[in-house]
Structure formats: structure tokens, C-alpha cells
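Here are the chains, one letter per residue:
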Amino acid sequence: MGRLCSRLRGAFTGKEVDEAKDGRALGAAQCVAKGGWLASKRADGTRCDRAPAHNPRRRQLQTVLQRCKRSPGRRPDPVHAGVVTAPFLAGPLPGPAAAQRLRCPLAQRRLFSNSKVLVELDESTGVAVMKMRNPPVNSMSLEFLTEFSISLEKLENDRACRGLILTSAAPKVFSAGLDITEMCGKGEEHYAAFWRAVQEMWLKLYQSTMVTVAAINGSSPAGGCLMAVSCDYRIMADNPKYTIGLNETKMGIVAPFWFKDTMINTIGHRATERSLQLGLLYPAPDALKVGIVDQLVPEEAVQSTAAEVMAQWLAVPDHARQISKATLRKPTIDRLLAHRDADIQNFVTFISRDSIQKSLQTYMEMLKGRKG
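Residues numbered from 1 in each chain as written. Predicted model: local features only at pLDDT ≥ 70, side-chain atom pairs only at ≥ 80, totals over all residues. Heavy atoms only, no water.

Peer 1: Just to check I follow, could you spell out the environment of P285 for this structure?
Peer 2: With respect to the secondary-structure elements, P285 resides in helix 10 (residues 284–290). On the accessibility criterion, P285 (31% relative accessible area) is partly exposed. Between the C-alpha atom of P285 and that of L296, which follows or precedes it by 11 residues, the distance is 7.6 Å. (Helix = DSSP H or I, 4+ residues; strand = E, 2+ residues; numbered from the N terminus. Buried < 20%, exposed > 50% of the residue type's maximum accessible area, 1.4 Å probe, protein only.)

Peer 1: When you look at the packing of aromatic side chains in this model, what are you seeing that I'm missing?
Peer 2: In this description, an aromatic ring pair is defined by two values, namely the gap between the centres and the angle between the planes. Scanning all chains against the criterion turns up 8 aromatic pairs. Between Y233 and W313 the ring centres are 6.3 Å apart and the planes differ by 65°, which places this aromatic pair in the edge-to-face class. Of this pair, Y233 sits in strand 11 (residues 233–237) while W313 sits in helix 11 (residues 302–314), and the two are 80 residues apart along the sequence. Taken together, the aromatic side chains of W195, W202, Y206, W258, F259 and F347 make up a single cluster linked through ring pairs. Directly above the aromatic system of Y206 lies the positively charged group of R329, at a separation of 4.2 Å from the ring centroid. (Phe/Tyr/Trp six-rings, centres within 6.5 Å; stacked < 30°, edge-to-face > 60°. Lys NZ or Arg CZ within 6 Å of the ring centre and 35° of its normal.)

Peer 1: Help me out: how do you make sense of unusual backbone geometry in this one?
Peer 2: Geometrically, the link from P135 to P136 is a cis peptide bond, its omega value of 5° lying close to zero. Among the secondary structure elements, P136 is positioned in the loop between strand 6 (127–132) and helix 5 (142–156). In the Ramachandran plot, K172 falls in the positive-phi region, its phi being about 70° despite a non-glycine side chain. Summarising the element assignment, K172 is placed in strand 8 (residues 172–173). If you check the backbone angles, A222 has positive phi at about 50° while not being a glycine. Residue placement: A222 occurs in the loop between strand 10 (218–221) and helix 7 (223–229). Residue A222 is classed as buried on the basis of its relative accessible area of 5%.

Peer 1: For this particular structure, what's the right way to read the packing of helix 5 against helix 6 (residues 188–206)?
Peer 2: One can describe the packing of helix 5 onto helix 6 by two numbers: an axis separation of 9 Å at closest approach and a directional angle of 30°. Taken together, helix 5 and helix 6 sit at an angle that is classed as roughly parallel. For the element pair helix 5 and helix 6, the recorded crossing hand is left-handed. Across the interface between the two elements, L142, L145, F148, S149, L152 and E153 of helix 5 pack against H190, A193, F194, A197, V198, E200, M201, K204 and L205 of helix 6. (Axes fitted to C-alpha atoms, helices over the stretch in contact; angles between N-to-C directions. Parallel < 35°, antiparallel > 145°, perpendicular 65-115°, else oblique. Left-handed = near helix turned anticlockwise from the far one by under 90°. Contact = heavy atoms within 4.5 Å.)

Peer 1: In this structure, what is going on with helix 11? I would like to understand it.
Peer 2: Every α-helical turn comprises 3.6 residues, leaving residues that sit three or four positions apart pointing alike. In a regular helix each residue adds 1.5 Å, so 13 residues correspond to 18 Å; helix 11 covers 18 Å between its end C-alpha atoms and thus fits that length. Every buried residue belonging to helix 11 is among V302, T305, A306, V309, M310 and L314, and all of these are buried. Buried residues along helix 11 sit against strand 6, strand 7 (163–168), strand 9 (211–216), strand 11 and strand 14 (295–297). (Expected span 1.5 Å × (residues − 1).)

Peer 1: Where do I start with the confidence of the model for the protein chain in this structure?
Peer 2: In low-pLDDT segments, the atomic positions of the prediction should not be examined closely. Summary statistics for the protein chain give a mean pLDDT of 78 and a share of 70% for residues scoring 70 or more. Per-residue pLDDT stays below 50 along residues 1–107; that stretch engages in 149 contacts with residues further than four places along the chain or on separate chains. (pLDDT = per-residue confidence, 0-100.)

Following this line, the structure appears as C-alpha cells:
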């Protein structure tokens, strides 16, 4: 304990460590990684002072210190960068199951998030859950797409992460697709930046080395459908009110070739031809029949089923699965990479047409009328 406490002094003040040894738990809301050692701060970023000695959570920090004790000469595992919600510093005293999660390293479950995406990585399983949270319908704005790609890249580069479950934090909707306001009434430079961000989202998701499972807990039209079919496996809530499909033609716009290629790879050429021309949105049972989704389950079982499916996929050796996936998807990815700039220019030219702008404005007014 003496060795551990001497190391903790690099992050705590001497007074704080002494108080911790005495069992007077720090009143922290979060634990933040700092230089590989535990640092204690409040949620507003200010440094914690001692909590009253009668703090009911005083024994919890004692438990943490005891579990973090290491044999002489062995350096404790560093805490990964990022914010970790600390259940032992907020709420009631943990039971045996919660106490088990407090064993070192502390970051068995790592949380990192931004304003649009919440990610939780369980290091014991190697599985991350990414929840989209861009109210009200998880529309893909330029800001959302940027933050989504950043979060995905972090997971891709994290050796502890082998699988990703993609879902929504909003009820009844997975993602409503591309944000129409990003394509209406803006300049060419903005359109180009937006479309490059859409490309980047797809490239990172479609060629990810992780196992990717879409837990579709609501409707998923247009770009939301693209995101779902870019995953390795798709589980959808068994609710006929929830729909999924590439319905761009209903808005007066055209799905680009790589949307089409991804759909063909999923449901075949003839079904894609019909779907894209008619802008079909499939209710969940029909989506299963055509092959857009792989499995329907009760809405309350979507997340648990995704975890079970993930375990099956992770049972396959990573290198064999990754090479197989790359071989199958490489031609589709290479086609966009070879024509990426031309695709952006085509989008900018197309979306800037007066007729297309009018179609988008009409569609937006129709949506406003439905809400009203």
C-alpha cells in the first residue's frame, strides 16, 4: 500500500492521499486518466478537496485502494485515456457484482463521448457499444458525421477493441439519414465538405477490421440504411412500424454508385434495382425477407441479441475473419477511392441545380407539415 500511495502522490496532493488512506473518500464525480495514474476531479474539472469524514461512500475508496495494491516492484496497469464514470464514487454502495468490476485496471469499462456519439468499451469482452445521439432523429449533419468518424477511428486504433455494436440512443429511430438542411440553401464549398464527410463515414465503417453489428432499434431510411448495411450483421426490432431502405428517389435525389454497390452486395442486383428506383422503405418483416436485415427480435431484446451475435463472430480467429472481409469488400471500396474527388464534384453539381433545390425544399415542407 505504501508503494501505491507514493505513486498516487503524482496525481493527488499529499493531503488527499492521506485522507484516502484514512478512509475519507473523495467526493469525486468522475475519475480522469492523468499521466497513466489516477487523478480525481469533479465533473466541472476542479480539483477535489476532502469530503466530510462521515461521507457514506468512504469505504468505497478503501476498496479501490485495496484492489489496486500490487506486488513489490510491479507497476500497476496504466489507466487508459478518456473519462470513466465511477460507480463507486456516486450512488449507493456497490454490491459484490459491482465490486468485481472495480478490480484493477480500473478502466474495465471505458466511456468516451462527444456531443453526438456515446461510446462504451468493455475491455473484458473487447466489445464497444456506440450510441448515436443527435436528437430528434439522429440525422447525419456535418458535425455528426465528423464526430462519428473520429469515434470510429479511435476504436479502430484501440487494440483492446475487437467488435462494435452500433445503435441509437433515441427511441423509435436508428437514424433518419442525411441531414437535408446540409444539402439545401448552402454553397458549393459546404456541399463538398459535407459529401466528403459522408464518404469518410462509409469508408471507415465498411472497411473496419472490427466485427460490426447494427442493433436497429427504430426506423432507418436513406443514409441510416446505408450505415446499417455497411455493418457485418443487422438485428432489427420486430415492429412493422419501423422501416428501412434507400428512399432517395422519393426526395428527388439519386443514391450514388457506392450506395448502390453496398446494397447490391447485401440483397442482390434485382432487389436493389427495384428498391432504388421506387425508393422503397421496407417494414421490418419485409426487410428480413428481402435480406436487408439478418434477424428480427422483440424490441427489448435487440441489445442483448446483438451481444450474443457478437460473441459468435468473435469466436472466429480475427486474422482469418478480417482477411475474408477485406477480400470481399475491397473492390467496392477501391471503386470509391479511385473516383472520390469526381464523386464529390458530381454531388456538388447535382445538388446545386435549381430543380434539385426545389425538390428538397418541397420535401422539407412536407416533413414540417407532418410534424404540425
